[in-house]
Amino acid sequence: MTHPVDIHVGKKLKQIRTLRRLSQTDVARQLNLSFQQIQKYEIGSNRVAASRLFELAQILDVPPSYFFDGLHDNSNAAPQGDPGMEIVSALAAIKDDAVKTRIVTFIEDIAGVTVARQG
């Protein structure tokens, strides 16, 4: 059975990877892994070792603690839904890159921030 913490870490990995506009293949290449391994991390079926988590944090330009943000200590309950992740998933489902870019620009304007883009 998959542990709720592994699921949480996987969701955070998918969230930041998507926000950084990186594919599973892009991340896998930097780690010398297959994209299938990244998929397994993201769904929580494979645990991410501490050393690998550190490498992922460096690649994705976040502190290692990012992957545990929103996780409640001493709880084995499944993590609550993350509205940010719901937005990321919905955005990822849009096929038209021009539409995605317009939506991201709109969100950036509202938030007053700029998201790092892969060029």
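As the structure is a prediction and not an experimental result, all values here were calculated from the model. (Residues numbered from 1 in each chain as written. Predicted model: local features only at pLDDT ≥ 70, side-chain atom pairs only at ≥ 80, totals over all residues. Heavy atoms only, no water.)

(A) The arrangement of the overall build of the protein chain in detail. Looking only at helices and strands, one finds 6 helices and 0 strands in the protein chain. For the protein chain, the sequential pattern of α-helices and β-strands runs α-α-α-α-α-α. Within the protein chain, the proportion of its 119 residues that are buried is 29%. Working note: accessible area of the protein chain is about 7700 Å², and carbon and sulfur atoms make up 54% of it. (Helix = DSSP H or I, 4+ residues; strand = E, 2+ residues; numbered from the N terminus. Buried < 20%, exposed > 50% of the residue type's maximum accessible area, 1.4 Å probe, protein only. Areas by Shrake-Rupley, 256 points an atom, 1.4 Å probe, with all protein chains shown as cover.)

(B) How the structure looks around helix α1 (residues 4–19). Helix length check: α1, at 16 residues, gives a terminal C-alpha distance of 22 Å against a target of 22 Å (1.5 Å per residue), a fit within 8%. Buried within α1 we find P4, D6, H8, V9, G10, K12, L13, Q15, I16 and R17. Next to the buried residues of α1 lie α2 (24–31), α3 (35–43), α4 (50–60) and α5 (83–93). Positive backbone phi, at 60°, marks R21, one or two positions downstream of α1. (Expected span 1.5 Å × (residues − 1). Contact = heavy atoms within 4.5 Å.)

(C) Geometry of the nonpolar core. Formed by 17 residues in total, the largest nonpolar core has its most connected members in V27, L56, L60, V62 and F67. Sorting the residues of this core by element identifies α1, α2, α3 and α4 as the ones contributing at least two each. If one sorts the elements of this core by residue count, α4 sits on top with 4 residues. What L56 contacts, discounting residues up to four positions off in sequence, is L13, V27, L31, V48 and F67. (Core = buried A, V, L, I, M, F, W, Y, C linked by side-chain atoms within 4.5 Å.)

(D) Seen up close, helix α6 (residues 97–111). Under the 1.5 Å per step criterion, the end-to-end length of α6 is 21 Å for 15 residues, consistent within 8% with the ideal 21 Å. Here α6 starts with a cap whose side-chain oxygen sits 2.9 Å from the backbone nitrogen of A98, and that cap is D96. Of the residues flanking the end of α6, it is G112, one or two places downstream, whose phi is positive at about 75°. (Polar contact = N/O pair within 3.5 Å; in protein donor to acceptor, adjacent residues only side chain to side chain.)

(E) Just the packing of α1 against α5, in detail. Where α1 contacts α5, the axes come no closer than 10 Å and their chain directions differ by 55°. Judged on the interaxial angle alone, α5 and α1 are oblique. The interaxial crossing formed by α1 with α5 has left-handed handedness. On α5, the residues touching K11, K14, Q15, T18 and L19 of α1 are G84, M85, V88 and A92. When the residues that make up the contact of α1 with α5 are grouped by side-chain class, the tally is 4 nonpolar, 3 polar and 2 charged. (Axes fitted to C-alpha atoms, helices over the stretch in contact; angles between N-to-C directions. Parallel < 35°, antiparallel > 145°, perpendicular 65-115°, else oblique. Left-handed = near helix turned anticlockwise from the far one by under 90°. Nonpolar A, V, L, I, M, F, W, Y, C, P; charged D, E, K, R; others polar.)

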